[in-house]
Each structure stands twice: as C-alpha cells, then as structure tokens.
Amino acid sequence: MKKFLAVALTVAMTMTMLTACGSSETAADSTEATAADSTEAAETTETADDTAEETEAEAPAADETAENSDAVSEALADGVLTVGTNAEFPPFEYVDDNGEADGFDMALVKAIGEKLGVEVVIENMEFASLVSSIGSKIDIAAAGMTVTDERKESVDFTNSYYEAVQYVILPADSEIAAAADLEGKTIGVQLGTTGDFIAEDIADSTVSQYNKAVDAVNDLINGRVDCVIIDKNPALVFESKFEGQVVAVDGAQFDFEPEEYAIALPKGDTVLLDQINAALEEIKADGTFDELVKTYIEAE
Ligand code: ARG
C-alpha cells in the first residue's frame, strides 16, 4: 500500500517517467463508464488484450512506460504489495498451523513479489469484500478468483494462471447426477463466488450462502443442504477430508462451463498489470510455477 509521503517523494523524483501512472486514476474512472457498454463484445476476448484495448486511448504512454524496467506502479511505490485473499479455499489458500495464510496462491504472489522486488503482505478477508477493496485496502487480490465479465466492470485481471470448473459435492448416497436433478434443491455455496451465481440460476433453487466453504460442507453432512457447488480443487480437498461422507462430482456432468483464475488489480493500472504478467511469465518459464503446482495442488 502506498504511504502518502512515499508516493509524493517517488512521484517527485520520477515525474517524467511516470506520466502514464499519474493519469491512471482518471483512466480507471472513464474506463469504468465504458466497461458496461463493452461487456458483450468483450465476452469472448482474453482479459489482457481486452484491458489493453480499453485503456489504450486514455493512456497512450502506458506501453512505453511498461517497457522501461524502472517503471513502478503507484501501488508499489512504498515497496509493499498488499494482497487480499480469503483463506478458506484449500489448496489455493488456507490458514496453516501457525495461523498464517498459506497455499498455492500465497506462494505464487510471494514469488511475484520477489520478481518485482517488493515485500508481500497478505490481508485475509471475506471473499465477497475482495473486489471492492482493490485499490484501497489492498493492492491486488489472489483468491482463486474466476475472471468474470461482471468483475471486469470494476477491476482488471492478469493473464489467467489456472483453469477450473465448479464441482458438486454430494452426500455419499445422493441420487443427484445431472443438471435437472439440481432443480428445486437447497444448495450450499460460498457467498459471492461463481458457485453462488450458478446456484442462483438453477430453477426453484434455495441457495444457502456461507462465508466459509467448510461450513457449507458441514451443513451438507448434517443434511441441511442437498449439495454444495464449489470449485474443483477445494471440492476434492473436502472429499478427502470428509472421506466416505461426501463425494465430489465433476461439474461437466452438470453442464458447468470451464473457468479461469487470475489475479485482480485496480482498473487501469496498466503498469502494475504488465509487471505482474511479466513476473508470472518468468515464474512459468523458470519452472517455479510447476513446482508450486506439485507442492500445493498435486500433493493434496
Ligand atoms: N472461483 C470462485 C470465484 O471466483 C471461488 C473463489 C473462492 N476463493 C476463495 N479464496 N474463497 O468466485
């Protein structure tokens, strides 16, 4: 997060370099106004391209700035990258035995911080508060967050780093097996997630929203909900945690569409976007990414 003094100093020292940055706040505002209109056209477009197109007109100097390796996003001016997450989503984020937020996403943002030469500070908060906290309480969010058109109206996303799909967690003896079987059911979800949005669209569903995914699974075991809709990897973690009591079923069987995870950042901060995308690319190229997948996801 920026401290005002730090920002003032940095801006004063690097005024010429940072012309694009200085206007990023204005760019964000005007982009937001057009985002709703362009949502439809943007539907099938890659996030990064999309963002570049949208901001090109407002910030023509952004490309030049990004190429200059000394360019620093205002968000990083104090040398700290504050990352919001919701550590209720294993294996991507969870609270470890020492009470610290840990998991794939946490290791990934720490690796990004190292590439960018900044300290990473994690803020654990409710998932539903993440998007609105970006640019104020937190710089970016790394939370197994799916890229959606609705979220793209208020934040930008990096290139995606993981493919996912919603799964359906069922009691071991459930007869639910296809999309039509979900109609009229009581469905447990984590509040504000894509699982929540899917559940609300199912005919005659009653949606029970939880702040913590594990509470939804507990209510499934207690018989208070008929199923839980949640992302694949957490579903598999819960399946092994509550082995014999619940099963996790691939959402493809229920016609759920694939989803992509990406890091969310302030709308219009193209410098930060380019920096994180470049760091991500390096992390993939040097084998770090695959190591993290092995350690956190495949070792489950
Ligand atoms: N992928 C889903 C979404 O973006 C769920 C993410 C939940 N993440 C978490 N850290 N609780 O809506």
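Numbering of residues starts from 1 in each chain and follows the order in which that chain's sequence is written. For this predicted model, a pLDDT threshold of at least 70 governs which residues receive local features, and a threshold of 80 or more governs which side-chain atom pairs are given and counted, while totals over whole chains, interfaces and linings are taken from all residues. Computation of side-chain values covers all heavy atoms of the structure but excludes hydrogens and water.

A.B. asks: Any chance you could break down the overall build of the protein chain for me, citing the residues and the numbers?
C.D. replies: Helix and strand counts for the protein chain stand at 13 helices and 15 strands. Think of it in three bands: residues with accessible area under 20% of the maximum for their type are buried, residues over 50% are exposed, and the middle band is partly exposed, with areas taken using a 1.4 Å probe on protein chains only. Across the 300 residues that make up the protein chain, the buried fraction comes to 50%. Nonlocal contacts in the protein chain, meaning residues at least 24 apart in sequence, comprise 75% of its contacts between residues at least 6 apart. Here the protein chain displays about 13,900 Å² of accessible surface, and carbon together with sulfur accounts for 47% of that area. Strands are runs of DSSP state E lasting at least two residues, helices are runs of H or I lasting at least four, and both sets are numbered from the N terminus onward. Any two residues having at least one pair of non-hydrogen atoms within 4.5 Å are treated as being in contact. The method behind every accessible area is Shrake-Rupley, applied with a 1.4 Å probe, and residues are considered shielded solely by the protein chains displayed.

A.B. asks: Tell me about the nonpolar core, residues and numbers included.
C.D. replies: What makes a nonpolar core is a set of buried Ala, Val, Leu, Ile, Met, Phe, Trp, Tyr and Cys residues whose side-chain atoms join them at distances within 4.5 Å. Core analysis: the biggest nonpolar cluster contains 64 residues, and Phe104, Leu108, Ile112, Ile140, Tyr161 and Ile169 have the highest contact counts within it. Per-element accounting of this core gives the leading share, seven residues, to helix H6 (residues 104-116). Other than its neighbours up to four places away in sequence, Ile140 contacts Leu81, Thr82, Val83, Gly84, Val109, Ile134, Ile263, Ala264, Leu265, Leu272 and Ile276. Formed by twelve residues, the second largest nonpolar core is a distinct cluster that contains Met125, Leu130, Ala143 and Met145.

A.B. asks: Help me get a handle on helix H13 (residues 288-298), residues and values and all.
C.D. replies: For H13, every residue scored as buried is listed here: Phe289, Leu292, Val293, Tyr296 and Ile297. The buried residues of H13 occupy an angular sector of 105 degrees when projected down its axis, which confines them to one face. On the buried face of H13, the contacting elements are strand S3 (93-95), strand S4 (101-102), H6, strand S8 (162-164), helix H11 (232-241) and helix H12 (270-285). Think of it as the arc spanned by the lines of direction from the helix axis to the C-beta atoms.

A.B. asks: I'd like a description of the packing of H6 against H12, backed by residues and values.
C.D. replies: For helices, the fitted line uses only the C-alpha atoms of the stretch in contact; every axis is such a line through C-alpha atoms, and the angle between N-to-C directions lies from 0 to 180 degrees. Contact pair H6 / H12: the axes reach a minimum separation of 9 Å and the direction vectors enclose 110 degrees. Put simply, H6 runs roughly perpendicular to H12. Between H6 and H12, the residues in contact are Leu108, Ala111, Ile112, Lys115 and Leu116 and Gln275, Ile276, Ala279, Leu280, Glu282 and Ile283, respectively. Polar here means any residue other than Ala, Val, Leu, Ile, Met, Phe, Trp, Tyr, Cys and Pro, which are nonpolar, and Asp, Glu, Lys and Arg, which are charged; Gly is therefore polar. A breakdown of the residues in the contact of H6 with H12 according to their chemical character gives eight nonpolar, one polar and two charged. To sort the angles, those under 35 degrees are grouped as roughly parallel, those over 145 as roughly antiparallel, those from 65 to 115 as roughly perpendicular, and the leftovers as oblique.

A.B. asks: Describe the sheet that holds strand S11 (residues 206-210), with residues and values.
C.D. replies: What makes two strands pair is DSSP finding at least two bridges between them. Strands sit in the order S11-S10-S12-S9-S13 across an open sheet of five strands; the sheet is mixed. One side of each edge strand has no neighbouring strand; the edge strands of this open sheet are S11 and strand S13 (246-250). Each neighbouring strand pair of the sheet contributes to a mean axis angle of 30 degrees, computed without reference to strand direction. As paired elements, strand S9 (residues 166-171) and S13 share five bridges and run antiparallel to each other. Bridge assignment links Leu170 to a residue of S13, and that residue is Val247. The strands that H11 touches are S9, strand S12 (227-231) and S13; relative to S12, the one it contacts most, it runs at about 125 degrees.

A.B. asks: Can you lay out the site of the ligand for me, pointing to particular residues and giving the numbers?
C.D. replies: Residue proximity to a molecule or strand is established when one non-hydrogen atom of the residue lies within 4 Å of it. The environment of the ligand is formed by 14 residues, the closest being Asn86, Ala143, Thr146, Arg151 and Asp231. Side-chain polar atom of Asn86 to a nitrogen atom of the ligand: 2.8 Å apart, as the coordinates give it. Here a polar contact is taken to be a pair of N or O atoms separated by no more than 3.5 Å, where protein atoms must pair a possible hydrogen donor with a possible acceptor and residues adjacent in sequence count only if both atoms sit in side chains. Within the contact set of the ligand, a nitrogen atom lies 3.0 Å away from a side-chain nitrogen or oxygen of Gln190. Protein burial of the ligand: of its 350 Å² of free accessible surface, 100% is covered by the chains. Any residue with an atom within 4 Å of a point lines the site, the site being either a cavity, points on a 1 Å grid over the protein atoms alone where a 1.4 Å probe fits but cannot get out, or a pocket, an open set with protein on both sides within 12 Å along at least 5 of 7 lines. Each molecule is assigned to a cavity or pocket provided more than half of its atoms lie within 2 Å of the corresponding grid points. When each cavity is represented as a set of grid points, the ligand is found to reside in the second largest cavity. When its residues are assigned to classes, the shell around the ligand shows five nonpolar, six polar and three charged.

A.B. asks: Mind laying out the confidence of the model for the protein chain, listing which residues take part and the relevant values?
C.D. replies: Summary of the metric used: pLDDT quantifies the predictor's per-residue confidence within the range 0 to 100. Mean pLDDT over the protein chain works out to 84, with 76% of the residues at or above the 70 mark. For residues 3-68, every residue scores under 50 in pLDDT, and the model assigns this stretch 55 contacts once sequence neighbours within four places are set aside.

A.B. asks: How would you sum up the packing of aromatic side chains? Please name residues and give values.
C.D. replies: Pairing of aromatic rings covers Phe, Tyr and Trp, the last through its six-membered ring, and needs centres within 6.5 Å; plane angles under 30 degrees mean stacked, over 60 mean edge-to-face, and all others mean tilted. Counted according to the given criterion, the structure contains eleven aromatic pairs. Considering the side-chain rings of Phe92 and Tyr261, the 5.1 Å spacing of their centres and the 85 degrees angle between planes classify their relative orientation as edge-to-face. One end of the pair, Phe92, is in the loop between strand S2 (88-89) and S3; the other, Tyr261, is in strand S14 (residues 259-261), with 169 residues separating them in the sequence. The class of Phe92 is buried, set by a relative accessible area of 0%.

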